[in-house]
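Examining the three-dimensional arrangement
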Amino acid sequence: MTRPRPAHRRPLAHRDREIPRAEMRPDPRPDSARDRDRAGASLGRRREKPAPSLTSSRGLDAFTFFVANLQTGFGPFIAVYFTSQSWTQSDIGLVLTIGGLFSLFGQVPGGAFVDWVRSKRFVAALSVAVIGASAAGLALFPTFLIVALSMAAHSIASCTLTPAIAAISLGLVGHAGLGERLGRNARFSSIGNALAAAGMGACGYYLSSEAVFYVTAALALPTLAALWFVRASEIDLARPQSSEGGQTPSGWESLKLVVTNRALLCFAACITLFFVANAAMLPLVGSVLTVRTSQTATILIAACIMAPQLVMALIAPAVGRAAQAYGRRPLLILGFAALPIRGLLFAYTDVPELLVAVQVFDGISAAVLGVMVPLVVADCTRGTGRFNMALGAVGTAMGLGAAASTTLSGYMADHFGSHAAFLGLSAVAFAALVLIVAIMPETRRA
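Because the structure is predicted, anything quoted here is derived from the model rather than measured.

Scanning the chain for helices and strands turns up 22 helices and zero strands. Buried positions account for 47% of the 446 residues belonging to the chain. At a minimum sequence separation of 6, the contacts of the chain that also span at least 24 residues come to 84%. For the chain, the exposed area adds up to about 21,800 Å²; of that, 66% sits on carbon and sulfur atoms.

Dropping the structure here:
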């Protein structure tokens, strides 16, 4: 006899429809594969970062523009100012050396500090304030002690300001839009450099040499105002510091990921060799112009400085877009290839005015490296939380290469002549090109 079914009992067919049989079967894949798929899905959702607002984007444009203005005051005008204050060349060289040493060895600690501090805007604002105070100290108290402290403070602040701008850019647009954002940064920075050089030169000529530093100190105010327009709520701090699908590595684990990163080590080696060849070329051109045309040398040198800034402002955003579309490696090869061509043209150009035209190749290299250095470092350190520290390490490598460049070119020019010096720097540049082609991998991710 069949037992009657209770009225409240649900039919089994309903259960089968609610829970498909495919979902009831266990997943035959190992746990690691399932975890990777879940992490990939989670990462895909995280990549859908909305574009920053127009206010934040324009604010970062203005901030990079004014930072370039601010930093220009600490360029060649320092030597002119100290000379007008009746300083000896040995004292001028000593304070410049103090600033250079702090700038060289403070980049890695400065980048690590930016990684550690949660608010990148605070680091950027503090750095700008310190630079403005340093400029005011140079103008108000031109004594050796105050000047040495001001130069050291400016160098330390610069070591945190550069990675802070890169961190804000990365947090604002994410990895997918970083190339184009860095191109915009390079464009407004080059425009700021060019306008500041002209404006401060006019201030020094028509007013006084210390007026340059009063103007530099005053520029800290519009720089901070521009930073205020970059909204902190739109800076995604987790994006540059979180791991892909997992927890952020901390301490020595993340540091080991950076130190043992093959692509990052290859890039540091290539960029060091590039700066060994590049840093001394323009000073060597200045010496050649002074010997050949002493009356118009100053104007020609100013044109040699302005020409690459103009080229960089024109093509830097296109470089950033091309890096996102076609990868980093083709652009790096292009930037490295422009340097040996430039050196060879310098060696075989006798007309002083043509030397200005040759500087177009410097603009190409500057635009490529201005975008590629932080972009490649961001690729190599993605998920480690050490982006800014690695950027500081690459900056240190660039500084060491630049320091070796001036010594090498000076030795070759004194013993073999300027023609041989240009050829020697071109040979080093060609070696850097061969190295970038041979060992540098593509770092862009699909």
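And the narrative resumes.
Turning our eyes to something else, we now look at the nonpolar core. For soluble globular proteins, the rule of thumb is that nonpolar side chains tend to be buried together. F63, F82, I271, L332, F336 and M372 are the most contacted members of the largest nonpolar core, which has 104 residues in total. Non-local contacts of I271, meaning those with residues more than four positions away in its chain, are made with F336, L369, V373, V394 and M398.

All right, on to the packing of aromatic side chains then. Tallied over the full model, the rule gives six aromatic pairs. On the basis of an interplanar angle of 75° and a centroid distance of 5.2 Å, the ring pair of F65 and F66 is categorised as edge-to-face. Exposure remark for F66: the relative accessible area of 21% places this residue in the partly exposed category. An aromatic cluster is present here, built from F274, F275 and F336 joined pairwise through their rings.

Time to look at helix 12 (residues 220-228). Looking at helix 12, one finds that the buried residues are A220, T223, A226 and L227. Looking down the long axis of helix 12, one finds its buried residues gathered within 125° of arc, a one-sided arrangement. Among the exposed residues of helix 12, those oriented more than 90 degrees off its buried face are L221 and W228. Where helix 12 is buried, its residues meet helix 4 (54-72), helix 8 (120-140), helix 9 (144-173) and helix 11 (211-218).

Right, let's get into the packing of helix 7 (residues 107-116) against helix 21 (residues 387-416). Interaxial distance between helix 7 and helix 21 falls to 7 Å at its minimum, and their mutual angle equals 165°. For the element pair helix 7 / helix 21, the angle class is roughly antiparallel. In this structure, helix 7 crosses over helix 21, and the sense of that crossing is right-handed. Residues Q107, V108, G111, A112, V114 and D115 of helix 7 lie in contact with helix 21, whose contacting residues are F387, N388, M389, G392, A393, G395 and T396. Its residues assigned to classes, the contact of helix 7 with helix 21 shows six nonpolar, six polar and one charged.

Inspection of the secondary structure assignment puts N185 in helix 10 (residues 178-206). Residue classification places N185 among the buried residues on the basis of a relative accessible area of 9%. Beyond its immediate sequence surroundings of up to four residues, N185 is in contact with L60, T64, I165 and S169.

On the surface, a cluster of nonpolar side chains totalling about 320 Å² of accessible area is made up of L140, F141 and Y214. Within the secondary structure, Y214 sits in helix 11. The exposure class of Y214 is partly exposed, given its relative accessible area of 41%.

Here we take up the environment of L375. One can find L375 in helix 20 (residues 360-380). Here the alpha-carbon distance between L375 and E180, two residues 195 residues apart in the chain, equals 10.0 Å. For L375, the residues in contact, after removing those within four places along its chain, are L178, G179, L182, A323, Q324 and R328.

Relative to each other, helix 4 and helix 10 sit at 40°, their axes nearing to 7 Å. When the interaxial angle is binned, helix 4 and helix 10 end up oblique. As for how helix 4 packs across helix 10, the hand of that crossing is right-handed. Along its contact with helix 4, which presents S57, L60, D61, T64, F65, A68, N69 and T72, the element helix 10 presents R181, R184, N185, F188, S189, I191, G192, N193, L195, A196, A197 and M200.

Moving on, we get to the pattern of salt bridges. Opposite charge on two side chains makes pairing possible when the charged atoms of those side chains draw close. Under the defined criterion, the tally for this structure stands at five salt bridges. We note a salt bridge from R184 to D61, for which the minimum N-O separation is 2.2 Å. Here the residue R184 occupies a position in helix 10, and D61 occupies one in helix 4, the gap between them amounting to 123 residues. Given the relative accessible area of 2%, D61 is considered buried. Ionic pairing is found between E234 and R231, a salt bridge with its closest N-O pair at 3.4 Å.

Residue placement: F122 occurs in helix 8. Here the alpha-carbon distance between F122 and A232, two residues 110 residues apart in the chain, equals 9.9 Å.

This paragraph deals with the environment of F82. Considering the arrangement of structural elements, one finds F82 in helix 5 (residues 77-84). Classification of F82 by relative accessible area gives buried; the value is 0%. Along the primary structure F82 and I92 are separated by ten residues, whereas in three dimensions their C-alpha atoms are 6.7 Å apart.

The subject of this paragraph is the side chain of S134. In this structure, S134 sits in helix 8. On the basis of relative accessibility, which here comes to 4%, the residue S134 falls in the buried class. Excluding anything up to four places from it in sequence, S134 contacts F74, S150, A153 and H154.

A word on the confidence of the model for the chain. Averaged over all residues, the pLDDT of the chain equals 81, while 83% of them reach at least 70. A low-confidence stretch, residues 39-47 stays under pLDDT 50, and its non-local contacts, those more than four residues away or across chains, total ten contacts. Predicted confidence is poor over residues 238-245, with pLDDT under 50, and the contacts of this stretch with residues over four places away or in other chains come to 26 contacts.

Before going further, it helps to examine the state of the cysteines. Going through the model one piece at a time under the given rule, you end up with zero disulfides. Between C266, a free cysteine, and C270, which holds the nearest cysteine sulfur, the sulfur-to-sulfur gap is 6.6 Å. Taking relative accessible area as the criterion, C266 reaches 11% and is therefore assigned buried.

Scoring rules and cut-offs
Residues numbered from 1 in each chain as written. Predicted model: local features only at pLDDT ≥ 70, side-chain atom pairs only at ≥ 80, totals over all residues. Heavy atoms only, no water. Helix = DSSP H or I, 4+ residues; strand = E, 2+ residues; numbered from the N terminus. Buried < 20%, exposed > 50% of the residue type's maximum accessible area, 1.4 Å probe, protein only. Contact = heavy atoms within 4.5 Å. Areas by Shrake-Rupley, 256 points an atom, 1.4 Å probe, with all protein chains shown as cover. Core = buried A, V, L, I, M, F, W, Y, C linked by side-chain atoms within 4.5 Å. Phe/Tyr/Trp six-rings, centres within 6.5 Å; stacked < 30°, edge-to-face > 60°. Arc of directions from axis to C-beta. Axes fitted to C-alpha atoms, helices over the stretch in contact; angles between N-to-C directions. Parallel < 35°, antiparallel > 145°, perpendicular 65-115°, else oblique. Left-handed = near helix turned anticlockwise from the far one by under 90°. Nonpolar A, V, L, I, M, F, W, Y, C, P; charged D, E, K, R; others polar. Patch = residues over 30% accessible without salt bridge, like charges linked within 9 Å, V, L, I, M, F, W, Y side chains within 5 Å. Salt bridge = Lys/Arg side-chain N within 4 Å of Asp/Glu carboxyl O. pLDDT = per-residue confidence, 0-100. Disulfide = S-S within 2.5 Å.

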